[in-house]
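# Results of the structural survey
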Amino acid sequence: MKQIGLLRALALTRKANKMSNQERIALQQRRLKELIAYARKNSSYFSKLYKGIDKDCPLSEYPTTNKADMAKHFDEWFTDRSITRDIVDSFMSDLSNVGKKLNGKYLVYTTSGSTGTPCIVLYDDTTINVSSAIGVLRSFARKEDMRLFMQSWYYVKFEDNLNFCF
């Protein structure tokens, strides 16, 4: 899937917030189709699970999965073939890796397993950027607050490289 930087994620999230419900639903449907197509192509687990299902059928026709199945088939469903459960477990067992990215690419998180099944979650830069953009835009109630935040962030991050201001 394509990489999205933080500023682009902020712009896309802000644009989505301004859409009508009909536009937002259309965007969600398009993105869902892209995600399913990507999973079919890059995950042997989802390729098998979705075999024989027409790509244009409604989401309700797709079989569901759960954390226990995903954990059991980690090496098959993860779309980056260089990542295996053994590699993730080894990375997590070394406490010096706290705050570091696995293979320089993924932040690794785990859930507590309060529902009975702990979950390992890997965030790439795009996931981090999109999650951050959503959090930033949800945290500002006024447009002026957002503008001031973006100005200060931009100057702190880029003042040595560019003389540009929002």
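Residues numbered from 1 in each chain as written. Predicted model: local features only at pLDDT ≥ 70, side-chain atom pairs only at ≥ 80, totals over all residues. Heavy atoms only, no water.

## What about a positive patch on the surface?
The following threshold applies: In this analysis, a patch consists of residues with relative accessible area above 30% that form no salt bridge, clustered at 9 Å for like charges and at 5 Å for the nonpolar side chains Val, Leu, Ile, Met, Phe, Trp and Tyr. Residue burial considers only the protein chains on display, and all accessible areas are found by Shrake-Rupley using a 1.4 Å probe. Within this document, salt bridges are pairs made up of a side-chain nitrogen of Lys or Arg and a carboxyl oxygen of Asp or Glu, the two lying within 4 Å of each other. The sign given to each residue is positive for Lys and Arg and negative for Asp and Glu; His and the chain ends receive no count. The atoms used to mark charge sites are NZ of Lys, CZ of Arg, CG of Asp and CD of Glu. We count a stretch as a helix when DSSP gives it H or I for four or more residues in a row; a strand needs E for two or more, and each element gets its number in order from the N terminus. Residue exposure (1.4 Å probe, protein chains only): buried if accessible area is under 20% of the type maximum, exposed if over 50%, otherwise partly exposed.
Together, K2, R8, K15 and R31 make up a positively charged patch on the protein surface. Within the secondary structure, R31 is located in helix 2 (residues 21-42). For R31, a relative accessible area of 40% puts it in the partly exposed group.

## Points about the nonpolar core
Condition: Put simply, a nonpolar core is a bunch of buried Ala, Val, Leu, Ile, Met, Phe, Trp, Tyr and Cys residues held in one set by side-chain atoms that sit within 4.5 Å of each other. The contact criterion used throughout is that any non-hydrogen atoms of two residues lie within 4.5 Å.
Within the largest apolar cluster, 19 residues are counted, with the highest numbers of intra-cluster contacts made by I83 and L122. When near neighbours in sequence (up to four residues on either side) are disregarded, I83 contacts F74, F78, V88, L102, N103, Y106 and L122. Counting residues in hydrophobic clusters, the runner-up holds 6 residues, among them A9, A133, V136 and L137.

## As for unusual backbone geometry
Across residues other than glycine, the phi torsion is negative in most instances, and most of the peptide bonds are trans. Phi at N103 takes a positive value of approximately 55°, unusual for a residue other than glycine. Counting through the fold element by element, N103 comes out in the loop between helix 6 (85-93) and strand 1 (107-110).

So, to be careful, I would describe these as geometric facts and stop short of saying anything about function.
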